[in-house]
Amino acid sequence: MKNLNKIPTNPIKIQDNTFRDGHQSIYATRMKTEDMVPIAEEMDNCGFWAMEVWGGATFDTMHRFLEEDPWMRPRILKKYIRKTPFSMLLRGQNLVGYNHYADDVVRAFVDKSCEIGIDVFRCFDALNDFRNIETCAERIKDNGKHFQGTVCYSLTEGRLGGEVYNLSYYVLKAKELEKMGADTVCIKDMSGILSPYDAYDLVSALKKEIGVPLHLHTHYTSGMASMAYLKAIEAGVDIIDTCLAPFALRTSMPAVEPIVAALQGRERAAGIDLHKLLELDEHLESVAPKYKQYLADHKLSIIDTAVLAHQIPGGMISNLTGQLKEMKALNRLEEIYEEVEKTRKDMGCPPLVTPVSQIVGAQAVWNVLFGRYAKVTYQLKDLVLGLYGKTPMPIDSQLAGTILKNYKRGQEPITGRPADYLEPEMEKARKRIGDLARCDEDVLAYALFPATMGKFLQSKYGVNKRESADAENIT
Ligand code: CO
């Protein structure tokens, strides 16, 4: 019988995100390393371009909720996964935390991440202000690792286009990253708002304009993601992110299995064995009951139709609803949706991604309840002051003047790179944590999470227990 299969001339490369973004998106980042180990070797044999195993919220949840030393996960997995590169998500100057750190912390963190086995660093900044990823990028390159420059995908018009987020915005941003030495460029659609035809246009334009491989990251949230991938693949995207089925869909990534199946026998076939993936799914199904409690199941629909209507990220909608519930004003949600759009425009149309999405959302609620900018959050003042970086569009100077009036951190917006205004932090952290830190890793972890790492280190070294034992001996 004649073989009808075309030889894949340009196979799509696949990054597996099951061990990071998958469980971060739908199981509150609670997956334990012990549940990854049993399938680690088999995952390594699948032929993924990379596996995302660390970064994002994992560092935070591992030490706060899982009693795992965050530095250990890549080290443990590396024993089983020897061929597939490890990827991590790095929030630029925010690293894996929620505020900007000084350059000395950033450099120490990148060095340590390289040492524990991270190969590919996906670096992004919430405002797409790449001065906030400069220090990481340089250090990653110095370590000889892969710097993936990332553009956050955002919209103002419901579709690609308009004054801010048009094709030339993305092309210019991608070129900026290429100039910074990016080994690959990633478009990161954290809210799942990239439509299939916009994906086609975007990828086509970028493939024409940039020389390094193009990576697409999207979430299934609105239900468009698998279609967006297919059109992106047709337009020539090089790499996409997926998860194994039990950790896919909903607000996570598209599932890998249907994509592999759909491309079988075509020139862009992934070259991944579908049956191998199905075996891995069985393992994940066996551990799933443990994590099911974290799954949002208040609705039958596994897609978030509100995202289609407002392009407001799912996570942000739940924050807004929470805030309104607390203030007994849930009936004003529609007004808030409109105000989010206005506040965002006032703030120079930033992409709605952490932490900016929360800052804009919280202020929009106050604007509706107390009058526009009658009360202003500190975070919004910092944003206007330029401490998060440069917004895509300028903020009206009169409005900035009103918001910053009498603000103790400054009344005149800064124009420099935000980290240039920060003092070195490592030595201070070393002094503050004292003997509780037994190695550099402990100090660095403490510099990242000063509020919670002390407690973790106490339990890591059993300090409290020993103290109480000593006390018993004395009495
Ligand atoms: Co993501």
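Residues numbered from 1 in each chain as written. Predicted model: local features only at pLDDT ≥ 70, side-chain atom pairs only at ≥ 80, totals over all residues. Heavy atoms only, no water.

Regarding a negative patch on the surface
Among the surface-exposed residues, Glu41, Glu42, Asp273, Glu279, Glu282 and Glu285 lie close enough to one another that they form a single negatively charged patch. Mapped onto the negative patch, the elements with two or more residues apiece are α2 (33-44) and α11 (274-291). In terms of residue count, α11 provides more of the negative patch than any other element does, three residues in total. When you line up the elements, Glu285 lands in helix α11. (Patch = residues over 30% accessible without salt bridge, like charges linked within 9 Å, V, L, I, M, F, W, Y side chains within 5 Å. Areas by Shrake-Rupley, 256 points an atom, 1.4 Å probe, with all protein chains shown as cover. Salt bridge = Lys/Arg side-chain N within 4 Å of Asp/Glu carboxyl O. Lys, Arg positive; Asp, Glu negative; His and termini not counted. Charge placed at Lys NZ, Arg CZ, Asp CG, Glu CD. Helix = DSSP H or I, 4+ residues; strand = E, 2+ residues; numbered from the N terminus.)

Observations regarding the pattern of salt bridges
With the rule as written, the count across this model stands at 30 salt bridges. Of the charged contacts in the structure, one is a salt bridge between Glu52 and Arg20, with a shortest N-O distance of 3.1 Å. Remark: Arg20 occurs in helix α1 (residues 18-26) and Glu52 occurs in strand β2 (residues 50-55); sequence separation between them is 32 residues. For the pair formed by Glu52 and Arg20, the shared burial category is buried. Across the pair Glu115 and Lys112 runs a salt bridge whose closest N-O atoms are separated by 3.1 Å. Taken as a pair, Glu115 and Lys112 lie in helix α5 (residues 103-115) at a separation of three residues, close to a single helical turn. Several salt bridges converge on common partners, so that one network encompasses Arg75, Lys112, Glu115 and Glu441. (Buried < 20%, exposed > 50% of the residue type's maximum accessible area, 1.4 Å probe, protein only.)

Quick word on the environment of Ile7
Tracing the sequence through the fold places Ile7 in the segment before β1 (13-16). A residue is classified by how much of its surface remains accessible, and Ile7, at 70% relative accessible area, is exposed. Sequence separation of Ile7 and Asp241 is 234 residues, and the distance between their C-alpha atoms is 23 Å.

Description of the sheet that holds strand β3 (residues 86-90)
Around the barrel, eight strands lie side by side as β1-β2-β3-β4-β5-β6-β7-β8; this closed barrel has parallel pairing. The average undirected angle you get between the axes of adjacent strands in this sheet is 30°. Pairing geometry for β2 and β3, over four bridges, is parallel. Residue pairing across strands places Met51 opposite Phe86, the latter belonging to β3. Packing against the sheet, helix α7 (residues 167-179) makes contact with β5 (146-152) and β6 (184-189), and its axis sits at approximately 160° to β5. (Pairing = 2+ DSSP bridges. Axes fitted to C-alpha atoms, helices over the stretch in contact; angles between N-to-C directions. Contact = heavy atoms within 4.5 Å.)

Observations concerning helix α6 (residues 134-142)
Residues of α6 that are buried: Thr135, Cys136, Ala137 and Ile140. Of the surrounding elements, those touching the buried residues of α6 are β3, α5, β4 (120-123) and β5. Among the residues trailing α6, Gly144 stands out with phi positive, at a value near 75°.

Some thoughts on the coordination of the cobalt ion
Ligation of the cobalt ion by protein atoms is provided by Asp21 (OD), His217 (NE2) and His219 (NE2), these donors lying 2.1 Å from the ion. Donor residues for the cobalt ion sit on one chain with the sequence pattern D-x195-H-x1-H. Taken as a pair, Asp21 in helix α1 and His219 in the loop between β7 (214-218) and α9 (225-234) lie far apart in primary sequence, 198 residues in all. Note on Asp21: relative accessible area 4%, which makes it buried. (Donors = N, O, S within 2.8 Å, 3.2 Å for Na, K, Ca; no water.)

Regarding helix α19 (residues 440-448)
Most of α19 sits inside the fold, with eight of its nine residues counted as buried. Against the buried residues of α19 lie α3 (58-64), α4 (72-80), α5, α18 (426-433) and α20 (450-460).

Section: the confidence of the model for the protein chain
The predicted model of the protein chain has a mean per-residue pLDDT of 94, with 96% of residues at 70 or higher. Across residues 468-475, where pLDDT falls below 50, the model places zero contacts with residues more than four positions away in sequence or in other chains. (pLDDT = per-residue confidence, 0-100.)

Observations concerning the side chain of Asn367
Looking at where Asn367 falls in the secondary structure, it is placed in helix α15 (residues 356-370). Here Asn367 falls in the buried class, since its relative accessible area comes to 3%. Among the polar contacts made by the side chain of Asn367, one reaches the side chain of Glu339 at a distance of 3.0 Å. A polar contact is formed between the side chain of Asn367 and the backbone nitrogen of Tyr373, at a distance of 2.8 Å. (Polar contact = N/O pair within 3.5 Å; in protein donor to acceptor, adjacent residues only side chain to side chain.)

As for the packing of helix α13 (residues 314-326) against helix α14 (residues 333-346)
At a minimum axis distance of 11 Å, the contact between α13 and α14 shows a crossing angle of 130°. Comparing the axis directions of α13 and α14 gives the class oblique. Seen along the crossing, α13 lies across α14 with a hand that is right-handed. Packed against α13, whose contacting residues are Met316, Ile317, Leu320 and Leu324, the element α14 presents Leu333, Ile336, Tyr337 and Val340 at the interface. A per-class count over the contact of α13 with α14 returns eight nonpolar, no polar and no charged. (Parallel < 35°, antiparallel > 145°, perpendicular 65-115°, else oblique. Left-handed = near helix turned anticlockwise from the far one by under 90°. Nonpolar A, V, L, I, M, F, W, Y, C, P; charged D, E, K, R; others polar.)

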